[in-house]
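Observations on the model geometry
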Amino acid sequence: PVNSIFIYIMSSDLPYHEQQSPFNQLCLVHSLNMLLGEELVDKNMLDRVCEKLSPNNKWWNPHRSVFGTGNYDANVAIYILEEEFGYDVSFFDTRKPCDEILSDNYSGFLINIELSKSKFFPFPVGGGRHWIGCRKQPFEGGIWYILDSSEAGPKEVD
């Protein structure tokens, strides 16, 4: 028998993007996938991490929404990136000056922002929090993109 290898090379100047449903709070799933450049993370993986982080909390887990719809905290993101994918993660405290993170040492960021109202509904619904990614494309003179799962696609940072 002949051994064959099929290689598919996808060429795109834009980073990988996922758009989330307005009916869940899985922005961390989508932000991690966009930061990693492909679909590698799902809700089940994040839920397993929540259980590892708080194994004694069967009914209520402090790392995700009580309703099971997502809304994961930074501890889950850090665990996934470090333990599952081997990245070095730095947690940025907003009390520090921003120039500490503006460095060529990073290829991407996850940012948790507070929303004044829902990004998905035209009427004022409690905002909560939302994860977005920011990634530098790995080619020469790489361009930074904002990766927001509530948007239709990535947006170049000016």
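Everything that follows concerns the structure shown earlier in this document.
Cut-off values and rules
- Residues numbered from 1 in each chain as written.
- Predicted model: local features only at pLDDT ≥ 70, side-chain atom pairs only at ≥ 80, totals over all residues.
- Heavy atoms only, no water.
- Patch = residues over 30% accessible without salt bridge, like charges linked within 9 Å, V, L, I, M, F, W, Y side chains within 5 Å.
- Areas by Shrake-Rupley, 256 points an atom, 1.4 Å probe, with all protein chains shown as cover.
- Salt bridge = Lys/Arg side-chain N within 4 Å of Asp/Glu carboxyl O.
- Helix = DSSP H or I, 4+ residues; strand = E, 2+ residues; numbered from the N terminus.
- Buried < 20%, exposed > 50% of the residue type's maximum accessible area, 1.4 Å probe, protein only.
- Contact = heavy atoms within 4.5 Å.
- Polar contact = N/O pair within 3.5 Å; in protein donor to acceptor, adjacent residues only side chain to side chain.
- Core = buried A, V, L, I, M, F, W, Y, C linked by side-chain atoms within 4.5 Å.
- Arc of directions from axis to C-beta.

1. Points about a nonpolar patch on the surface
Side chains of W59, W60, V66 and F67 sit close together on the surface and give an oily, nonpolar patch of about 660 Å² of accessible area. Position of W59 relative to the elements: it lies in the loop between helix 2 (43–53) and helix 3 (74–84).

2. Overview of the pattern of salt bridges
Under the definition given, this model contains four salt bridges. A salt bridge links K43 to D47, with the shortest nitrogen-to-oxygen separation between them at 2.7 Å. In this pair, K43 and D47 are both assigned in helix 2, four residues apart and thus about one turn of the helix distant. When its relative accessible area of 28% is taken as the criterion, K43 is described as partly exposed. Between R129 and E114 there is a salt bridge; the shortest N-O distance is 3.8 Å. Taken together, the residues R129 in strand 2 (residues 129–136) and E114 in strand 1 (residues 108–114) connect sequence positions 15 residues apart. Since its relative accessible area comes to 64%, E114 is described here as exposed. Residues participating in the shared-partner salt-bridge network are K43, D47 and R64.

3. What about the environment of Q19?
Following the sequence through the fold, Q19 ends up in the segment before helix 1 (27–36). Here the alpha-carbon distance between Q19 and G153, two residues 134 residues apart in the chain, equals 7.6 Å. Leaving out residues up to four positions away in the same chain, Q19 has contacts with H30, S149, S150, E151 and A152. Of the polar contacts made by the side chain of Q19, one reaches the backbone oxygen of E151; its length is 3.5 Å.

4. Notes on the nonpolar core
Formed by 18 residues in total, the largest nonpolar core has its most connected members in L28, L32, V41, L46, Y72, V76 and I80. Elements that contribute at least two residues to this core include exactly helix 1, helix 2 and helix 3. In this structure, V76 is in contact with L28, L46, V49, C50, L53 and H63, ignoring residues within four places of it in sequence.

5. Overview of helix 3
Three or four residues apart is the spacing at which side chains of an α-helix point the same way, because the helix has 3.6 residues per turn. Within the sequence span of helix 3, burial applies to V76, A77, I80 and L81. All buried residues of helix 3 lie within an arc of 125 degrees about the axis, which places them on one face of the element. Elements in contact with the buried residues of helix 3: helix 1, helix 2 and strand 1. N-capping of helix 3 is provided by D73, with a side-chain oxygen placed 3.1 Å from the backbone N of N75.

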